[in-house]
Amino acid sequence: MTLFRQLMFTIVVIFTLMLVVVMAINFNTTKEYLVNQLASTTQDSANSLSMSVSDFMSMEDYTAVESSILAVFDSGYVAEVKIHVYANDEHIVRAEPTQIQGVPDWFINAIDFDVPTANAIISNGWNELGQVYITGNAGYGYYQLWLASGELLFWFGLIGFLTLAVGAGTLKWIFKPLVAVEKQAEDIQQRRFVKMQELPKTRELKRVVEAMNRMAEKLEKEFESEAETAQWLQAKAFKDPVSGLGNRHFFDSQASAHFAETDRATDGLILISLIDLAKLNNERGFEAADAFIRASADLVSYKLGECASSSTVARLSGADFIVLVHNIDHDSLVKLVESIMASLYKLVATQTTYSEGVANIGAVILDDSVEKSKAMAQVDSALRSARSMGINQVKVFGLDDDKQVAIGRLAWKEMLEFGIENKAFRLRKQKVAQLENQQMLLHEEVFASLEYEGKQYHAGYFISLAEQFDLGEQVDQVIIEKVIDYIEQAKEKNSLTINLSASAYVKPSFINWLDKKLDTLSDQVKEHLCFEISEQSVLNTEDHAIILSKTFKKHKVKFGIDNVGKQFSAFQYLQNLMPDYVKVDASYTRMAVGNKSESFFMHTLCKMFNSLHIQVVATGVESEEQWEILQRFDIYAAQGYVLGSAVDMD
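Residues numbered from 1 in each chain as written. Predicted model: local features only at pLDDT ≥ 70, side-chain atom pairs only at ≥ 80, totals over all residues. Heavy atoms only, no water.

Looking at this structure, how should I read the side chain of Ser149?
Within the element layout of this structure, Ser149 appears in helix α5 (residues 138-189). Of the polar contacts made by the side chain of Ser149, one reaches the backbone oxygen of Leu145; its length is 2.8 Å. (Helix = DSSP H or I, 4+ residues; strand = E, 2+ residues; numbered from the N terminus. Polar contact = N/O pair within 3.5 Å; in protein donor to acceptor, adjacent residues only side chain to side chain.)

Any chance you could explain the nonpolar core here in plain terms?
Among soluble globular proteins, nonpolar side chains are generally buried collectively. In terms of nonpolar packing, the biggest core is built from 100 residues, with Leu500, Phe531, Leu574 and Phe609 touching the most fellow members. In terms of residue count, helix α14 (residues 472-488) provides more of this core than any other element does, 8 residues in total. With sequence-adjacent residues up to four places away left out, Phe531 is seen in contact with Ile480, Thr497, Ile498, Leu500, Leu514, Leu518, Phe552, Val557, Lys558, Phe559, Gly560 and Tyr581. In this structure, Leu274, Leu277, Phe292 and Val323 belong to the second largest nonpolar core, which totals 32 residues. (Core = buried A, V, L, I, M, F, W, Y, C linked by side-chain atoms within 4.5 Å. Buried < 20%, exposed > 50% of the residue type's maximum accessible area, 1.4 Å probe, protein only. Contact = heavy atoms within 4.5 Å.)

When you look at the sheet that holds strand β9 (residues 394-397) in this model, what are you seeing that I'm missing?
Neighbouring strands of a sheet are bound in pairs by backbone hydrogen bonds; such pairs are parallel or else antiparallel. Pairing in this open sheet of 5 strands is mixed, and the strands run β6-β7-β5-β8-β9 from one edge to the other. Since the sheet does not close on itself, it has two edges, and those belong to β6 (311-315) and β9, each with one partner. For this sheet, the mean angle separating the axes of adjacent strands, direction not counted, is 10 degrees. Where strand β5 (residues 267-274) lies against strand β7 (residues 320-325), 6 bridges are found, and the strand directions are antiparallel. Each bridged residue has a counterpart across the sheet, and for Gly268 the counterpart in β7 is Val325. Together, β5, β6, β7 and β8 (359-366) form the strand contacts of helix α7 (residues 248-259), whose direction differs from that of β6 by roughly 150 degrees. Packing of helix α9 (residues 286-307) onto the sheet brings it into contact with β5, β6 and β7, and relative to β7 it is tilted by some 10 degrees. (Pairing = 2+ DSSP bridges. Axes fitted to C-alpha atoms, helices over the stretch in contact; angles between N-to-C directions.)

Is there a simple way to explain helix α10 (residues 330-345) in this structure?
Every α-helix carries 3.6 residues per turn, so stepping three or four residues along brings you back to the same face. Spanning 16 residues, α10 covers 23 Å between terminal C-alpha atoms, matching the ideal 22 Å at 1.5 Å per step. Taken together, the buried residues of α10 touch β5, α9, β7, β8 and β9. Taking the backbone nitrogen of Asp331 as reference, a side-chain oxygen 3.4 Å away marks Asp329 as the first, capping residue of α10. (Expected span 1.5 Å × (residues − 1).)

Okay, structure coming up:
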């Protein structure tokens, strides 16, 4: 119960007790007054009647006596008149039944009204002729008590209602700063370090608000310090200081994790070698050489942002850049390489280069069976071929027997439209278990494959193409509906996690559809439903990701962020999204089980995530040895082949 309700309840109880006490006192006072008044009236009536009938009694005119008695009944305060005649020792009695109008029976039965009886002696001179007995009418007393009680209850009710209304308004005004403090505390718990600008006038509340503001400011500085430390360590370990791209270590860790995946599609590997960088450094100095490197890196990054949905770019050495482009066919790779070369050649006009020679580019298409070492050898051979052709030349090696690439773009579109219309997607799931106990699952991640003409094509092939054809929203909707159907059929006891593409959730139509869909689900289904988005998509579409996270929080559905740490970011987006968990990129898992300097970075990341109350999930765990080593970190759960590969969802 809230403090406001407790105080209001206290006020109601106190006011009710006051009403009961005052009502009791007033009721007894009124009752005593009415009894005394009726007693006085009956006594006066008895005295008056005794004097008026004394002459009649002396003459023994009892008929006249009865007439006098009738006159007494006209007052309405008398229920019974009795005259005892001493001469014949008889009684003259006149009584009427008590009639109580306008008073409910329960009130009459509940009240014990003492009806007074008055008496007076009838005398004529010194002779006593008889005695008069008059009993008052209780109806008058009950009626007056009922009216007094009703009027008192009405006024108390009116005053009580006004008191509660004024009290509630006053308490709300007094509690307004307290409500703001409560909201501030909830924001701090969610690591949103807001400060109250308007201080309350109440001294005690003012001190509380000032203390909360100081705590929020301190926590904000601590989080910013942790984020800056993590960002600095990330840059120190993985970032090339001149180009701003990843370094060789960054590429090796990313490439090793990527080539270890089984659900790979055809990738493109590009090796770019700048020409005459050493001469430029010797003739014009290191500043000119650095400017050439930075300009080249910016152009390559810009072109990748335009033409590639997912890629990894790094500077291998002084003059060499390498790019790993995910899910790309031969024709698209050729266009990308030629576009990069054309952009780099523009540096000649700005005299950024040493001569007309800017760069040579070698590239190769890789199928899902090629290992990392073989891929590096092939791209190096392609670069040598480009150099042999002359300056500013490119060479792209293709695949002679690549069946997946042989599928044209229009054919892929038809296949995707067929899959959407017929819901021809096959689902698999992989375990994500708690690190302390492999039997306790956090959730199971869902992977989708497109089935067409007896063949299966995993998501690595069709997701990026679906985004290019603007079909990502429809694909995600089909997969979500299939997973929900699977949960509703009671086939799953654990939570199932669905990966969402950025091309879907950036559309308001998809958010509206998802909101309505979740609104129709029971709480039990929602408990078994979870969603993931990648860190790269968050960085590119943070505003849309915030709207998506609010939708999940509205329906109390869990969501997480995948591939965290793969991009060079300040992690500030975490405060805006506040996911339930993050999945650290597999490259960091390899670092965590490596040397101490690399594992320290993982420790820093985990500390920062846990300070936000975000669960950390390590991915790419392949052996029991890695599992045991990861238990030294503040990691909640893990995912990888050590738990088994993905299994079909029947």
